[in-house]
Amino acid sequence: MNDATHRDQDSAAELAELLTRASRRLRSNERNALAPYGLTFAQARALRKVVNHGPLRIGDLARLLEIVPRSATTRVDDLERTRLVVRSTDPSDRRSVIVSATTEGRELVARLRAERTAGTETMFAALSSKERSHLVQLLRALTAES
């Protein structure tokens with residue numbers, strides 16, 4: 001193996017490590033922001049989907065979250081217990097259940113969005129506007145589905 005190959009492998013390993021660390025930092029910040037509300041990351045993500053796309057059938061929520069419907073049902077159960085969502089019968093198909101955000105759920109998502117923005121602004125403050133735009137382009141390229 002030549003020196004250029006070693007450098008490329010070292011560079012790829014460093015990139016992977018740095019992306020992992022950045023992701024952990026974002027998740028940690030989010031976990032800390034959610035703790036006072038008694039929500040997990042997964043529950044908050046489901047609530048955001050219901051607020052942003054809702055009202056939704058549980059199957060549609062599962063597709064948006066890229067999880068199986070049973071897992072989506074569990075998340076809805078948790079959110080319903082905390083009165084952040086409500087279930088109702090789908091008027092076009094009485095066998096289906098529709099999930100809607102409550103006023104409390106919508107208000108919480110707005111609060112969490114503001115907190116998330118403040119947290120990410122702090123994290124990305126070291127980057128210029130141009131560097132942020134470039135990072136967005138790079139991450140889109142890395143996360144694009146083929």
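Above this note sits the structure.
What you are looking at is a predicted structure, and each value in this text was computed from that prediction instead of being measured.

## Examining the environment of Ser88
Right, so step 1: Along the chain, Ser88 turns up in strand 2 (residues 85-90).
Right, so step 2: On the basis of relative accessibility, which here comes to 37%, the residue Ser88 falls in the partly exposed class.
Right, so step 3: Ser88 sits 33 residues away from Pro55 along the chain, and the two C-alpha atoms are 9.6 Å apart.
Right, so step 4: Ignoring anything within four residues of it in the chain, the contact list for Ser88 reads Ser96, Val97 and Ile98.

## A few points about the environment of Lys130
Right, so step 1: One can find Lys130 in helix 6 (residues 129-143).
Right, so step 2: When the C-alpha positions of Lys130 and Arg81 are compared, they lie 44 Å apart, and in sequence the two are 49 residues distant.

## So, the side chain of Gln43
Right, so step 1: Examined against the element boundaries, Gln43 turns out to sit in helix 2 (residues 41-53).
Right, so step 2: Overall, Gln43 belongs to the buried group, its relative accessible area being 12%.

## Quick look at helix 3 (residues 58-65)
Right, so step 1: Taken residue by residue, helix 3 has Ile58, Leu61, Ala62 and Leu65 as its buried positions. Buried residues in helix 3, looked at end-on, bunch into an arc of 100°, giving them a common side.
Right, so step 2: Looking at the packing, one finds that the buried side of helix 3 touches helix 2, strand 1 (56-57), helix 4 (69-81), strand 2 and strand 3 (93-101).
Right, so step 3: Two residues or fewer after helix 3 comes Glu66, characterised by a positive phi angle close to 60°.

Calculation notes
- Residues numbered from 1 in each chain as written.
- Predicted model: local features only at pLDDT ≥ 70, side-chain atom pairs only at ≥ 80, totals over all residues.
- Heavy atoms only, no water.
- Helix = DSSP H or I, 4+ residues; strand = E, 2+ residues; numbered from the N terminus.
- Buried < 20%, exposed > 50% of the residue type's maximum accessible area, 1.4 Å probe, protein only.
- Contact = heavy atoms within 4.5 Å.
- Arc of directions from axis to C-beta.

Functional significance is not addressed by these values, which are geometric in nature.
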